[in-house]
Amino acid sequence: MELVEEASRRIYAGYERDLEVLAHEITQQNVLVGATTVTARTLLVGQFLTAKSGGYPPPKRFMDLLMLRPQIRRPQKPQMTKAELLPID
């Protein structure tokens, strides 16, 4: 169990050094599109990080720090194309 905890600590310590890069990656990959609540965003980010880290779930402190990033904190609205905005007659 200690080896697993140490591996997880190492992975997330590396991610913590680059929180801005990680937050940018999350937004670029549209992980949060359509998630309008903090709970939904937290769940989606947690799933993304668990997959990215090879199955290690993120520690609470790490999630708290990441969720404070402006691009993660604000809900993302789905982008609509111009065709979707124009009325069809």
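Residues numbered from 1 in each chain as written. Predicted model: local features only at pLDDT ≥ 70, side-chain atom pairs only at ≥ 80, totals over all residues. Heavy atoms only, no water.

S.K.: Please clarify how the overall build of the chain should be interpreted in this entry.
M.R.: Scanning the chain from N- to C-terminus turns up 6 helices and 0 strands. Counted from the first residue to the last, the chain has its helices and strands arranged as α-α-α-α-α-α. Relative to its 89 residues, the chain shows a buried fraction of 30%. When the accessible area of the chain is evaluated, it comes to approximately 6500 Å², of which 59% is carbon and sulfur surface. (Helix = DSSP H or I, 4+ residues; strand = E, 2+ residues; numbered from the N terminus. Buried < 20%, exposed > 50% of the residue type's maximum accessible area, 1.4 Å probe, protein only. Areas by Shrake-Rupley, 256 points an atom, 1.4 Å probe, with all protein chains shown as cover.)

S.K.: Can you help me understand helix α2 (residues 19-28) in this one?
M.R.: One turn of an α-helix holds 3.6 residues; hence residues three or four places apart share an orientation. Every buried residue of α2 is listed here: Leu19, Leu22, Ala23, Ile26 and Thr27. All buried residues of α2 project into a common sector of 135° when viewed along the axis, lining one side. Projecting away from the buried face of α2 at angles above 90 degrees are the exposed residues Val21 and Gln28. (Arc of directions from axis to C-beta.)

S.K.: What exactly am I supposed to notice about helix α3 (residues 38-52) here?
M.R.: A rise of 1.5 Å per residue sets the reference length of α3, with its 15 residues, at 21 Å; its end C-alpha atoms lie 21 Å apart and thus fit the reference within 8%. Listing the buried residues of α3 in full gives Arg41, Val45, Gly46, Phe48 and Leu49. Projected onto a plane normal to the axis of α3, the buried residues spread over an arc of 165° and lie on a single side. α3 presents Thr39, Leu43, Gln47 and Ala51 as exposed residues on the side facing more than 90 degrees away from its buried surface. Check the buried side of α3 and you find it contacts α1 (2-17), α2, α4 (60-67) and α5 (70-73). Gly54 sits one or two positions beyond α3 and adopts a positive phi of about 85°. (Expected span 1.5 Å × (residues − 1). Contact = heavy atoms within 4.5 Å.)

S.K.: Would you mind going over the packing of α2 against α3 with me for this structure?
M.R.: Describing two packed helices takes the angle between their axes plus the distance from one axis to the other. Between α2 and α3, the shortest axis-to-axis distance is 12 Å and the interhelical angle comes to 110°. By the angle between their directions, the pair α2 and α3 is classed as roughly perpendicular. Where α2 approaches α3, its residues Leu22, Glu25 and Ile26 are matched on the opposing element by Val45, Phe48, Leu49 and Lys52. Taken together, the residues of the contact of α2 with α3 break down into 5 nonpolar, no polar and 2 charged. (Axes fitted to C-alpha atoms, helices over the stretch in contact; angles between N-to-C directions. Parallel < 35°, antiparallel > 145°, perpendicular 65-115°, else oblique. Nonpolar A, V, L, I, M, F, W, Y, C, P; charged D, E, K, R; others polar.)

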